[in-house]
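What follows is each chain in one-letter form.
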Amino acid sequence: MSSLPTVPETLARATRTYPDREAIVYPDKDVRLTYAELDDRVTQCANALRARGVETDDRVSLLLHNSAEFAIALFGLLRAGAVFNPVNYRLAPDEVGYILEDSGSTHLIFEEATRETVERGRERFETVEEYVYVDDDVEDGPAYATGFHELVDGGATTTPNVTVDPTDQYAIMYTSGTTGRPKGVVHSHRDATYHNMLYTGQTGVNFTDIGISAMPLYHNAELNCGLLSRVNVGAKTVICHDFDPQRTLELVDEERATHLFVASRVWRQLLEATDEVPFDGSSLELGIYGAAPMPPSLLESCRERFTERYATAYGMTEMGPCATFLLPFEIDQHRESVGRPGPNHEVRIVEPTENESPDDPVTPSDTLEAGQTGEIALRGPPMMDRYWNAPEKTAEAIRDGWFFTGDAGYLDDDGYLYLVDRIDDMIISGGENIYPTDVENVLYQHDAVLEAAIVGEESEEWGEVVVAYVVTDGSVTESALDEFCSDHDSLAAFKRPRRYEFRDELPKNPSGKIQKFKLRDDQ
Ligand code: ATP
Ligand code: MG
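Residues numbered from 1 in each chain as written. Chains lettered and ligands numbered in written order. Predicted model: local features only at pLDDT ≥ 70, side-chain atom pairs only at ≥ 80, totals over all residues. Heavy atoms only, no water.

### Regarding the nonpolar core
Link 1 in the chain: Within the largest apolar cluster, 46 residues are counted, with the highest numbers of intra-cluster contacts made by Phe 84, Tyr 170 and Leu 223.
Link 2 in the chain: When residues of this core are traced back to their parent elements, those giving at least two are helix H1 (7-17), strand E1 (22-26), helix H2 (35-51), strand E3 (59-62), helix H3 (68-79), helix H6 (148-153), strand E8 (169-174) and helix H8 (220-233).
Link 3 in the chain: Here this core takes nine residues from H3, the largest share from any one element.
Link 4 in the chain: The residues touching Leu 223, leaving out its near neighbours within four places in the chain, are Phe 70, Leu 74, Phe 84, Tyr 170, Met 173, Leu 217 and Leu 228.
Link 5 in the chain: Among the nonpolar cores identified, the runner-up in size contains 33 residues, and Ile 210, Val 252, Val 262 and Ala 263 belong to it. (Core = buried A, V, L, I, M, F, W, Y, C linked by side-chain atoms within 4.5 Å. Buried < 20%, exposed > 50% of the residue type's maximum accessible area, 1.4 Å probe, protein only. Helix = DSSP H or I, 4+ residues; strand = E, 2+ residues; numbered from the N terminus. Contact = heavy atoms within 4.5 Å.)

Next comes the structure, spelled out in structure tokens:
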């Protein structure tokens with residue numbers, strides 16, 4: 001066996017070292033499992049799945065909120081040699097169907113909260129051979145599904161005789177679908193282990209730590225940075241079924257949580273919730289934010305209320321996810337930055353219009369200088385192997401060993417990375433590159449603007465022109481917004497929207513990111 005562990009082997013090793021420490025706490029159902037107990041359940045789950053016909057490399061999908069069962073099913077299916085396919089429980093039946101069909105999933109584990117989606121979509125879930133239902137303690141469970149607890153209880157307790165290699169596929173995780181249809185990202189066990197080492201090294205998480213999984217485990221930020229990295233070091237994970245700010249705060253106090261990693265916007269919700277429930281928070285040692293920039297004033301309030309020590313990371317599903325880190329001791333000097341590359345990682349900023357062919361090597365001459373905005377390219381050991389079923393997309397994204405992120409950004413003189421926008425959203429008008437956020441940031445300063453998205457529209461004369469899609473409180477006209485933009489000294493005339501579209505809402509993916517490709521498609 002390789003000395004590099006597979007994902008289920010990280011659990012086995014932690015169990016040998018810390019058998020009696022608590023691994024999983026799931027307060028919603030009063031579940032508390034030590035490492036030894038978790039490991040036993042996982043072995044039973046693996047054996048039960050094998051006995052039900054799950055074979056090595058079969059894809060097993062989870063359509064589940066966070067729960068202790070999520071963790072048992074995850075490690076169990078991996079110990080059975082299967083590939084983990086988490087599905088966002090907020091997706092519509094057809095979107096779930098697309099993922100199940102694309103990944104060729106044979107088993108679907110779901111719950112009461114996702115039962116309706118399954119029942120509406122079942123006819124098109126053609127690859128699924130068996131349904132497993134987690135809430136088998138409720139009456140009137142679906143007749144077509146096997147009960148999860150019954151299944152696991154019946155599983156043998158001896159370690160299954162299945163060989164899993166670190167280079168084997170561990171997961172197919174679908175991206176959030178911000179820039180198009182979600183892509184299946186293939187990661188090996190080795191990628192997850194490398195990411196564990198990276199993340200634990202950067203954040204210092206150890207066996208005494210207690211983290212709250214408040215964000216969804218189907219997303220690889222919570223999965224890899226939360227659950228997997230904690231299991232890797234024998235730490236404790238407190239699992240919240242669904243995000244509820246007040247409940248999260250209560251759990252921080254009740255369980256004496258030390259680490260909390262949530263999206264930047266969620267920190268605001270938590271801060272507001274401190275007025276609603278009694279909250280002490282003295283156990284918190286590290287707060288982490290990600291997924292979007294954190295306004296400096298919000299960060300300051302959070303540091304006063306929660307913990308002085310904050311960090312952030314930048315990455316994406318394809319990188320497993322974290323590639324850059326901004327650590328507590330450097331956050332004051334580089335607030336707007338997403339940090340520098342993590343150990344063994346590299347960042348390059350590349351001219352976005354070049355390197356479109358997979359054969360084009362990334363040479364230093366393509367690399368832009370500090371201060372210049374271009375496409376962010378990353379490389380590091382946890383990087384994905386490929387996109388599932390999409391060789392052309394893989395060839396476009398991975399060139400010469402670098403992952404081309406599709407994000408635009410720049411490095412400063414000290415090598416700190418700043419995000420600007422998504423490359424696909426960049427507008428080229430009359431030969432000038434326009435980054436939508438420059439314009440959106442101006443519009444957001446107008447009190448009547450609730451939401452704004454800038455996209456390019458084809459134009460014979462200019463190539464593209466700038467169009468603004470806005471959601472307002474109804475108190476502002478197109479000419480007033482145009483005047484507001486022209487009065488703004490930071491906005492060059494060529495960046496000013498040529499047209500405004502007033503909308504009641506903007507299309508968003510389930511994580512709340514605006515889907516500009518849908519606005520472009522509507523034009
Ligand atoms: P798709 O690839 O399907 O369009 P997505 O890129 O939104 O969806 P994810 O992998 O969940 O899917 O998100 C990664 C993206 O999130 C990054 O490419 C980047 O645009 C954004 N992001 C990640 N970390 C940060 C951060 N710290 N600050 C701001 N944006 C971030
Ligand atoms: Mg992406």
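So, next bit.
### Concerning the side chain of Glu 440
Link 1 in the chain: Mapped onto the fold, Glu 440 is located in helix H13 (residues 436-443).
Link 2 in the chain: At a separation of 2.6 Å, a polar atom in the side chain of Glu 440 contacts the side chain of Lys 516.
Link 3 in the chain: Residues within four places of Glu 440 in sequence aside, it is in contact with Ala 452, Ala 453, Ile 454 and Lys 516. (Polar contact = N/O pair within 3.5 Å; in protein donor to acceptor, adjacent residues only side chain to side chain.)

### Regarding the UniProt feature "domain: AMP-binding enzyme C-terminal" (unreviewed entry) in the protein
Link 1 in the chain: The UniProt record annotates "domain: AMP-binding enzyme C-terminal" (unreviewed entry) at residues 439-513.
Link 2 in the chain: Along residues 439-513 one finds 19% helix and 33% strand; the C-alpha atoms at either end are 17 Å apart. (UniProt positions renumbered as here; feature names shortened; annotations may be inferred.)

### What about the pairing of strand E13 (residues 286-290)?
Link 1 in the chain: Within E13, five of the five residues are buried, which leaves the element mostly enclosed by the surrounding structure.
Link 2 in the chain: With burial as the criterion, each face of E13 is covered, one bearing Leu 286, Ile 288 and Gly 290 and the other bearing Gly 287 and Tyr 289.
Link 3 in the chain: Pairing of strand E12 (residues 259-263) with E13, which is carried by five bridges, proceeds in the parallel orientation. In the sheet register, His 259 faces E13, and the bridge partner there is Leu 286.
Link 4 in the chain: In the classification by handedness, the crossover that spans E12, the intervening helix H10 (residues 264-273) and the parallel E13 is right-handed.
Link 5 in the chain: Here E13 pairs with strand E14 (residues 310-315) via three bridges, running parallel. Each residue of the ladder has a partner; that of Ile 288, found in E14, is Ala 311.
Link 6 in the chain: In this fold, E13 hands off to helix H11 (residues 296-305), which returns the chain to E14; that crossover is right-handed. (Pairing = 2+ DSSP bridges. Right-handed = clockwise from strand over helix to strand, strands pointing away.)

### Notes on the pattern of salt bridges
Two side chains with opposite charge may pair up if their charged atoms get near one another.
Link 1 in the chain: Applying the stated criterion to the full structure yields 34 salt bridges.
Link 2 in the chain: Of the charged contacts, one joins Arg 16 and Glu 9 as a salt bridge, the two residues approaching to 3.0 Å between their closest N and O atoms.
Link 3 in the chain: Among the ionic contacts, a cluster of salt bridges with common partners joins Glu 300, Arg 303, Glu 308, Asp 332 and Arg 335. (Salt bridge = Lys/Arg side-chain N within 4 Å of Asp/Glu carboxyl O.)

### Some thoughts on the site of ligand 1
Link 1 in the chain: The full set close to ligand 1 counts 20 residues, and Thr 175, Ser 176, Thr 178, Thr 179 and Asp 407 are the nearest of them.
Link 2 in the chain: Within the contact set of ligand 1, an oxygen atom lies 2.5 Å away from a side-chain nitrogen or oxygen of Thr 178.
Link 3 in the chain: Contact distances for ligand 1 include 2.9 Å between a nitrogen atom and a backbone N or O atom of Ala 313.
Link 4 in the chain: Out of a free accessible area of 640 Å², ligand 1 has 91% covered by protein chains.
Link 5 in the chain: For the shell around ligand 1, the elements supplying multiple residues, two or more each, are E14 and strand E22 (417-422).
Link 6 in the chain: Grouping the constituent residues of the shell around ligand 1 by class yields eight nonpolar, eight polar and four charged.
Link 7 in the chain: Taken domain by domain, the shell around ligand 1 gets at least three of its residues from each of domain 1 (7-242) and domain 2 (341-423). (Near = heavy atom within 4 Å. Areas by Shrake-Rupley, 256 points an atom, 1.4 Å probe, with all protein chains shown as cover. Nonpolar A, V, L, I, M, F, W, Y, C, P; charged D, E, K, R; others polar. Domains from an automatic or database assignment.)

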